[in-house]
Amino acid sequence: MGRQPGGKDPAGPAGRRPGGKDRTGWKRLGTPLGILAAVTGAFAYVGTVDPNEPGHYPVCPLLQLTGVFCPGCGGLRSAHAFITGDLGAAFSANAIATVGYFLFAAVWVLWLVRAWRGKPLRIALAPAWWWSVGAVLLVFTVVRNLPFGSALAP
């Protein structure tokens, strides 16, 4: 059944048919649950294969070529510590990544709730927010590579 003449969808905006049956209920949750499964699998792998032991993961190319820590350096160690419950070590390995884990969880829950209600997830950030995120990452990268910012280095 497609759209009727005049552009109206017989299933309605939330996928409900005229008889009241919801034919798309769990299908709306497919993408958020699929993303959760992929992230859970990645964290499970990093949780079982310790990045602190050499040889399991490749070295950061920027660090290897220049000796400079990028914003992602220490991210795998941070994820390993986070998944094993050591939040202090996770924050010490990469503070930005650790904050990102909590931010991802909050956005994912919002996405799941909106998908359950049949509404799309729309997060529109003004350009100033994107510039601010870039500035925070730049400052974080510079400070963690200076002697006084060694506490932020992995």
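Okay, so let's go over this structure.

How each quantity is defined
- Residues numbered from 1 in each chain as written.
- Predicted model: local features only at pLDDT ≥ 70, side-chain atom pairs only at ≥ 80, totals over all residues.
- Heavy atoms only, no water.
- Helix = DSSP H or I, 4+ residues; strand = E, 2+ residues; numbered from the N terminus.
- Buried < 20%, exposed > 50% of the residue type's maximum accessible area, 1.4 Å probe, protein only.
- Contact = heavy atoms within 4.5 Å.
- Patch = residues over 30% accessible without salt bridge, like charges linked within 9 Å, V, L, I, M, F, W, Y side chains within 5 Å.
- Areas by Shrake-Rupley, 256 points an atom, 1.4 Å probe, with all protein chains shown as cover.
- Salt bridge = Lys/Arg side-chain N within 4 Å of Asp/Glu carboxyl O.
- Core = buried A, V, L, I, M, F, W, Y, C linked by side-chain atoms within 4.5 Å.
- Axes fitted to C-alpha atoms, helices over the stretch in contact; angles between N-to-C directions.
- Parallel < 35°, antiparallel > 145°, perpendicular 65-115°, else oblique.
- Left-handed = near helix turned anticlockwise from the far one by under 90°.
- Nonpolar A, V, L, I, M, F, W, Y, C, P; charged D, E, K, R; others polar.
- Disulfide = S-S within 2.5 Å.
- Phe/Tyr/Trp six-rings, centres within 6.5 Å; stacked < 30°, edge-to-face > 60°.

### Topic: the side chain of Asn94
Position of Asn94 among the secondary structure elements: in the loop between α4 (87-93) and α5 (95-116). For Asn94, a relative accessible area of 1% puts it in the buried group. For Asn94, the residues in contact, after removing those within four places along its chain, are Pro71, Gly72, Cys73, Gly74, Gly75, Ser78, Phe140 and Arg144.

### Side note on a nonpolar patch on the surface
Together, Leu110, Ile123, Leu125, Trp129, Trp130, Val133 and Leu137 give the surface a local cluster of nonpolar side chains, amounting to about 700 Å² of exposed area. Looking at which element gives the most residues to the nonpolar patch, the answer is helix α6 (residues 127-144), with four residues. Within the secondary structure, Leu110 is located in helix α5. Accessibility expressed as a relative area gives 41% for Leu110, which makes it partly exposed.

### Describing the environment of Trp108
Position of Trp108 among the secondary structure elements: in helix α5. In the structure, Trp108 is positioned 72 residues away from Leu36 in sequence and 8.0 Å away in space, judged by C-alpha atoms. Apart from residues lying up to four places away in sequence, Trp108 is in contact with Pro32, Leu33 and Leu36.

### Here's the deal with the nonpolar core
Core analysis: the biggest nonpolar cluster contains five residues, these being Phe43, Val46, Ala79, Ala97 and Tyr101. Put simply, the parts of the chain that give this core at least two residues each are α1 (30-48) and α5. Residue contacts for Ala79: discarding those within four places in its chain leaves Phe43, Val46 and Tyr101.

### A closer look at the packing of helix α3 (residues 75-83) against α5
Between α3 and α5, the shortest axis-to-axis distance is 9 Å and the interhelical angle comes to 55°. Taken together, the axis directions place α3 and α5 in an arrangement best described as oblique. As α3 packs across α5, the resulting crossing turns out to be right-handed. Where α3 approaches α5, its residues Gly75, Ser78, Ala79 and Phe82 are matched on the opposing element by Ala97, Thr98, Tyr101 and Phe102. A per-class count over the contact of α3 with α5 returns five nonpolar, three polar and no charged.

### Concerning the state of the cysteines
Tallying each qualifying case throughout the model produces zero disulfides. Note on Cys60: no disulfide assigned, nearest cysteine sulfur contributed by Cys73 at a separation of 3.5 Å. Judged by its relative accessible area of 5%, Cys73 is buried.

### Observations regarding the packing of aromatic side chains
Summed over the entire model, instances satisfying the criterion amount to five aromatic pairs. Centre to centre, the rings of Tyr45 and Tyr57 are 6.1 Å apart; their planes meet at 85°, and the pair counts as edge-to-face. On the criterion of sequence distance, the pair formed by Tyr45 in helix α1 and Tyr57 in the loop between α1 and α2 (61-66) is long-range, its members being twelve residues apart. When the centroid spacing of 4.9 Å and the interplanar angle of 50° are considered together, the rings of Phe82 and Tyr101 count as tilted. Taken together, the residues Phe82 in helix α3 and Tyr101 in helix α5 connect sequence positions 19 residues apart. Judged by its relative accessible area of 15%, Tyr101 is buried. Members of the aromatic cluster, connected to one another through ring pairs, are Phe43, Phe82, Tyr101 and Phe102.

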